[in-house]
Amino acid sequence: PLTPYAMAKVETFNHLTNLFHEKDMEFLWCRLFYLYGDGEDERRLVPFLINNLSKGKSVELSSGDKIKDYLDVAKAGEIISNLALSDHTGPYNVCSGKGISIKSLAESIADRYNRRDLLKFGNPKVNNLDPDFIVGKKTDPNF
């Protein structure tokens, strides 16, 4: 884990694994990757892009080289619902299993509005603490 947030997730998983093992119980741990969709905070990347580009406002971004695993929250909800009704236990990656660069994601959203000209890449002040590559490995393709 490279960040305090990631460390906290690992420590929580390890603590729960030990706790449930002592109680002779199993549990399901859904590991969510980069979700987007309805009701998302407007400060997050996808709604931020949509809100600004749809209004003709320019958007300053990092180089856009970082690769992330984005998944629509509706699909994530479907996966989690299916998992909750299954016998699956242990860790499960709720992800697309596919990486996309921030630049490609931004360009695909800009293309909806025919406004790639509003994307300004190369801002050094934009979230440099975020890891360069996070793509999940699908745990089970049946969900």
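Residues numbered from 1 in each chain as written. Predicted model: local features only at pLDDT ≥ 70, side-chain atom pairs only at ≥ 80, totals over all residues. Heavy atoms only, no water.

*Asks:* Would you take a moment to explain the packing of aromatic side chains for this structure?
*Replies:* The geometry of two aromatic rings is summed up by the distance between their centres and the angle between their planes. Inspection of every chain in the model, using the stated rule, returns five aromatic pairs. Taking the centre distance of 6.4 Å and the plane angle of 85° together, the rings of Phe 27 and Trp 29 count as edge-to-face. We classify Phe 27 as buried; its relative accessible area is 16%. Seen from their ring centres, Tyr 34 and Tyr 70 are 5.6 Å apart, and the 50° between their planes marks the pair as tilted. Of this pair, Tyr 34 sits in strand E2 (residues 34–36) while Tyr 70 sits in strand E5 (residues 70–72), and the two are 36 residues apart along the sequence. Here Tyr 34 and Tyr 70 have matching classes, each one buried. Taken together, the ring pairs connect Phe 13, Phe 20, Phe 27 and Trp 29 into an aromatic cluster. (Phe/Tyr/Trp six-rings, centres within 6.5 Å; stacked < 30°, edge-to-face > 60°. Buried < 20%, exposed > 50% of the residue type's maximum accessible area, 1.4 Å probe, protein only. Helix = DSSP H or I, 4+ residues; strand = E, 2+ residues; numbered from the N terminus.)

*Asks:* Got a minute to help me understand the nonpolar core in this structure?
*Replies:* The tendency in soluble globular proteins is for nonpolar side chains to be buried as a group. Residues Leu 49, Leu 53, Leu 61, Ile 109 and Leu 119 are the most contacted members of the largest nonpolar core, which totals 14 residues. Among the elements that make up this core, the one with the highest residue count is helix H4 (residues 102–112) (five residues). In terms of nonpolar packing, the next biggest core, distinct from the first, is built from seven residues, Leu 35, Ile 79, Tyr 92 and Val 94 among them. (Core = buried A, V, L, I, M, F, W, Y, C linked by side-chain atoms within 4.5 Å.)

*Asks:* Is there a simple way to explain the sheet that holds strand E9 (residues 133–134) in this structure?
*Replies:* Two pairing modes exist for strands in a sheet, parallel and antiparallel, and in both the strands are linked by backbone hydrogen bonds. With mixed pairing, the three strands of this open sheet are ordered in space as E7-E4-E9. Bordering the open sheet on either side are strand E7 (100–101) and E9, each of which pairs with just one other strand. In the sheet, strand E4 (residues 67–68) pairs with E9 via two bridges, with the strands oriented parallel. By the bridge assignment for E9, Lys 68 is matched with Ile 134. (Pairing = 2+ DSSP bridges.)

*Asks:* Got a minute to help me understand the pattern of salt bridges in this structure?
*Replies:* Once the charged atoms of two side chains with opposite charge are near each other, the side chains can pair. A complete count under the given rule lists six salt bridges for this structure. The shortest N-O distance in the salt bridge between Arg 44 and Glu 40 comes to 2.8 Å. A residue is classified by how much of its surface remains accessible, and Arg 44, at 41% relative accessible area, is partly exposed. Judged by relative accessible area, which is 18%, Glu 40 ranks as buried. The shortest N-O distance in the salt bridge between Arg 43 and Asp 41 comes to 2.6 Å. Three or more residues joined by partner-sharing salt bridges are found here, namely Glu 107, Asp 111 and Arg 116. (Salt bridge = Lys/Arg side-chain N within 4 Å of Asp/Glu carboxyl O.)

*Asks:* Please clarify how the side chain of Ser 101 should be interpreted in this entry.
*Replies:* With respect to the helices and strands, Ser 101 occurs in strand E7. Using a relative accessible area of 14% as the deciding quantity, one classes Ser 101 as buried. A polar side-chain atom of Ser 101 sits 2.9 Å from the main-chain amide nitrogen of Ser 104. Once residues lying within four places of it in the same chain are set aside, the contact partners of Ser 101 are Gly 64, Asp 65, Lys 66 and Ile 67. (Polar contact = N/O pair within 3.5 Å; in protein donor to acceptor, adjacent residues only side chain to side chain. Contact = heavy atoms within 4.5 Å.)

*Asks:* Would you take a moment to explain H4 for this structure?
*Replies:* Think of an α-helix as turning once every 3.6 residues; residues three or four places apart then point the same way. Looking at H4, one finds that the buried residues are Ile 102, Leu 105, Ala 106, Glu 107, Ile 109 and Ala 110. Packed against the buried residues of H4 are helix H2 (45–54), strand E3 (59–61), E4, E5, E7 and strand E8 (119–121). Asn 114 sits one or two positions beyond H4 and adopts a positive phi of about 55°.

*Asks:* I would appreciate a short explanation of helix H3 (residues 73–84) in the present structure.
*Replies:* With twelve residues, H3 ought to run about 16 Å at 1.5 Å a step, and its terminal C-alpha atoms sit 16 Å apart, in line with that. Looking at H3, one finds that the buried residues are Ala 76, Ile 79 and Leu 83. The buried side chains of H3 occupy one side of the element, clustering within an arc of 65° when seen end-on. Relative to its buried face, H3 has exposed residues pointing more than 90 degrees away, namely Ala 74 and Ala 84. Looking at the buried positions of H3, the neighbouring elements they touch are strand E1 (28–32), E2, E5 and strand E6 (90–94). One side-chain oxygen of the residue at the start of H3 lies 2.7 Å from the amide nitrogen of Ala 74, identifying that residue as Asp 72. (Expected span 1.5 Å × (residues − 1). Arc of directions from axis to C-beta.)

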